[in-house]
Amino acid sequence: MKTNALAPRLPVFAAPMFLVSGPELVLAACRAGIVGAFPTPNTRTPEQLEDWMRQITQGLAQLRDEQPADTLGAWCANLVTHRSNARLPEDLKLVQKYRPPVVVTALGSPKPAVEVVHSYGGLVFADVTSPTLARKAVEAGVDGLACICSGAGGHTGSISPFAFVSAVREFFDGTIVLGGGISDGWGLAGALACGADYVYMGTRFVATRESMAQQAYKQMLVDSTLEDLVVSAAITGTPASWLRPSLLANGIDPDDVSSPAPTRNYNSLENPAKRWAQLWAAGQGVGAIHAVEPVGAVVDRIEQEFHAARTHLSRCTPGAGPVNPDDNPLLGSWTLLAWEIDYGDGRPPVHPFGEGATGLIVYSSDGYMSAAISRADRAPLEGASVRQAPVAQRLGAFESHFHYAGRYRLEGAGASLRVVHEVQQALNPNFVGSQQQRHVHISADGVLTLSASEAVPGQASPRQHRLRWRRATA
Ligand SMILES: Cc1cc2nc3c(=O)[nH]c(=O)nc-3n(C[C@H](O)[C@H](O)[C@H](O)COP(=O)(O)O)c2cc1C
């Protein structure tokens, strides 16, 4: 399945993290429209895992009452499939019962998970650090690969993301999730541009209010840069990227971490938590973290950065420059939230096409726009063709729909940013040739408001049209 259906807002996984990701972080990620993942070894017993899965599925059911279901991200369980994990069969039983839409396997063959997860229609992705492991996972029947590259937090990879995706695309056209050092919307755009479908962001979500990480760990991430990291296999037996100050605080010399590697052991029935509780991991995207914030605020910023990156990309692409050399926050597709007219005389706003009006406005990078709005209760025509429909119905169809298209340009900046629609095509022929100017405002939560004043004959003050939009989701 090559679709962003798992993450309707942005193709991002809040990656599974030992001792960091719990139900609160998972639900906050899903609420923000990205995938929320957690590793099952974060629960000490199968009973606790069941409790978490119940909390997540019930929490999601509640969120579906609060916001449209198609704005919620999917949840994801991360299973350690290494042969030393004696709890795997019990975890798989709970996976079968609670049906996470995605399961990511790590540190072992994905085989044990594939049959179980496919039986209920879920997807299995395998966490891999080399094309050889990727090929084995594909042979085992996975739907996707989480390709972990150099710069990742926790157990890191060593391959460049560009080379890794290219190598994997030689033999796999399923879903690729790219991870390692990606902490902002710029990195997200880069990952998608090189052929990935989603990104894994781990480190970025440690320093959120909803993560289970200790406060001092969160603060260390805020205070650190990518030059404060040490990669060593000495701590867990597998190369991992650690924060130097946390090694120092535990009496470990970050410049001499060559002590013999312990034997790998990923048995969730035992307790490997001590090392991870004291020694704190981070990826190379750590420098993008400047505060401990709620997940929603982090995702808002990643979205803004992502759109700025897309504008930058089109500006750097010969022959496909955007309309305006400045950043173009309108680029892309937006769906209508509301069309209101305010008369400025104390009356409540009027909805000319009803409160449930639907609409789509699209701004292309080559300078064209198209806008269409329909009444919610638009009646269908009787008869197979427009010509066979009674005249009154045709008139009704005309009056319940609005469309125009043409070139557009941006003027002004900041609070005085305006977009001018140069109408070349329109349902109302009198619109053709007109210049429709709208003030542009984008709120912190990403709602685009296009507004315009219109003089009303016989009335002293103009009326104000306000059209509110949010980015269209896949
Ligand atoms: C503190 C921490 C704990 C992690 N624990 C796990 C884990 O239990 N299972 C897993 O598959 N990956 C784990 N990871 C790796 C992440 O899932 C992800 O691959 C990685 O964070 C991506 O790189 P980034 O941190 O640079 O974004 C962990 C990462 C961190 C930072």
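Remember, it's a predicted structure, so these values are computed and weren't measured experimentally.

Overview of the overall build of the chain
Of regular secondary structure, the chain possesses 13 helices and 19 strands. By principal-axis analysis of the C-alpha atoms, the chain measures approximately 85 × 45 × 45 Å. Counting over 474 residues, the chain shows a buried share of 40%. Residue pairs in contact within the chain that sit at least 24 positions apart in sequence constitute 59% of those at least 6 positions apart.

So, the nonpolar core
Formed by 97 residues in total, the largest nonpolar core has its most connected members in Phe 13, Ala 14, Val 35, Leu 145, Cys 147, Val 177 and Val 199. Broken down by element, the residue count for this core peaks at 6 residues, all from helix 1 (residues 23–31). The next biggest cluster of nonpolar side chains, apart from the first, holds 20 residues, and it includes Trp 339, Tyr 363, Val 440 and Leu 467.

Here's the deal with the packing of helix 7 (residues 185–193) against helix 12 (residues 295–315)
Across the interface, helix 7 lies against helix 12 with an axial gap of 7 Å and an inter-helix angle of 55 degrees. Taken as axis vectors, helix 7 and helix 12 run oblique relative to one another. For helix 7 against helix 12, the interelement crossing comes out right-handed. Where helix 7 abuts helix 12, its residues Gly 185, Trp 186, Leu 188, Ala 189 and Ala 193 lie against Ile 302, Glu 303, Gln 304, Glu 305, Phe 306, Ala 308, Ala 309, Arg 310 and Leu 313.

Considerations on unusual backbone geometry
Of note in the backbone geometry, Arg 99 takes a positive phi value of approximately 55 degrees without being a glycine. Positive phi is not limited to glycine here, since Leu 107 has a value of about 65 degrees. Here Leu 107 lies in the loop between strand 4 (102–106) and helix 4 (111–119).

Section: the site of the ligand
What surrounds the ligand is a group of 28 residues, the closest being Ala 15, Gly 153, Gly 154, Gly 202 and Gly 283. Contributing elements (two or more residues each) for the shell around the ligand: strand 9 (198–201) and helix 8 (203–206). Element by element, the count of residues in the shell around the ligand is highest for helix 8, at 3 residues. By residue class, the composition of the shell around the ligand is 15 nonpolar, 11 polar and 2 charged.

What to know about the domain arrangement of the chain
Reports often express the size of an interface as the amount of accessible area lost when the parts come together. One can read the domain layout of the chain as domain 1 (12–303) and domain 2 (322–471). Between the C-alpha centres of domain 1 and domain 2 the distance comes to 42 Å.

Focus on the pairing of strand 18 (residues 448–454)
Where strand 17 (residues 435–442) meets strand 18, 4 bridges bridge the pair, whose relative direction is antiparallel. Across the sheet, residue Ile 442 finds its bridge partner in strand 18, namely Leu 448. Here strand 17 hands over to strand 18 after 5 residues, with Gly 446 in that stretch at a positive phi of 85 degrees. One ladder, built from 7 bridges, connects strand 18 with strand 19 (residues 463–471); its direction is antiparallel. Along strand 19, the bridge assignment pairs Leu 450 with Leu 467.

Some remarks on the sheet that holds strand 11 (residues 240–243)
An order of 7-11-10 is seen for the 3 strands of this open sheet, with the pairing classed as antiparallel. Two strands close off the open sheet at either side, each with one partner strand: strand 7 (154–155) and strand 10 (229–232). The sheet contact formed by strand 10 and strand 11 spans 4 bridges and is antiparallel. Bridge pairing links Val 231 to Ser 241 in strand 11.

Quick notes on the pairing of strand 15 (residues 401–411)
Looking at chain direction, strand 14 (residues 368–374) and strand 15 are connected through 7 bridges and run antiparallel. What sits directly across from Ser 370, in strand 15, is Ala 405. Strand direction decides the pairing type here: strand 15 and strand 16 (residues 418–426), joined by 8 bridges, are antiparallel. When the sheet's bridge partners are listed, Tyr 408 is paired in strand 16 with His 421.

A word on the sheet that holds strand 5 (residues 123–128)
Taken in spatial order, the 8 strands close into a barrel running 1-2-3-4-5-6-8-9, and their pairing is parallel. Across this sheet, the average inter-strand angle for adjacent strands is 25 degrees, counted without regard to direction. As judged from the 4 bridges shared by strand 2 (residues 35–39) and strand 3 (residues 75–80), these two strands associate in the parallel manner. Along strand 3, the bridge assignment pairs Phe 38 with Ala 77. Of the strands in this sheet, strand 3, strand 4 and strand 5 are in contact with helix 4, which crosses strand 5 at around 155 degrees.

A word on helix 3 (residues 88–98)
Looking only at helix 3, the buried set comprises Leu 88, Asp 91, Leu 92, Leu 94 and Val 95. Along the long axis of helix 3, the arc covered by the buried residues comes to 160 degrees, so they all point the same way. Away from its buried face by more than 90 degrees, helix 3 exposes Pro 89 and Lys 97. The inward-facing, buried residues of helix 3 contact helix 2 (46–66), strand 3, strand 4 and helix 4. Count one or two residues on from helix 3 and you reach Arg 99, which has phi positive near 55 degrees.

Describing the environment of Ser 21
Within the fold, Ser 21 resides in the loop between strand 1 (12–14) and helix 1. It is 56 Å that separates the C-alpha atoms of Ser 21 and Gln 393, two residues lying 372 residues apart in sequence. Ignoring sequence-local partners within four residues, the contact set of Ser 21 consists of Pro 16, Val 26, Ala 37, Phe 38, Pro 39, Asn 42 and Ser 211.

Parameters at a glance
Residues numbered from 1 in each chain as written. Predicted model: local features only at pLDDT ≥ 70, side-chain atom pairs only at ≥ 80, totals over all residues. Helix = DSSP H or I, 4+ residues; strand = E, 2+ residues; numbered from the N terminus. Buried ≥ 20, exposed ≤ 12 C-beta atoms within 10 Å, placed from the backbone. Contact = placed C-beta atoms within 7 Å. Core = buried A, V, L, I, M, F, W, Y, C linked by C-beta atoms within 7 Å. Axes fitted to C-alpha atoms, helices over the stretch in contact; angles between N-to-C directions. Parallel < 35°, antiparallel > 145°, perpendicular 65-115°, else oblique. Left-handed = near helix turned anticlockwise from the far one by under 90°. Near = placed C-beta within 6 Å. Nonpolar A, V, L, I, M, F, W, Y, C, P; charged D, E, K, R; others polar. Domains from an automatic or database assignment. Pairing = 2+ DSSP bridges. Arc of directions from axis to C-beta.

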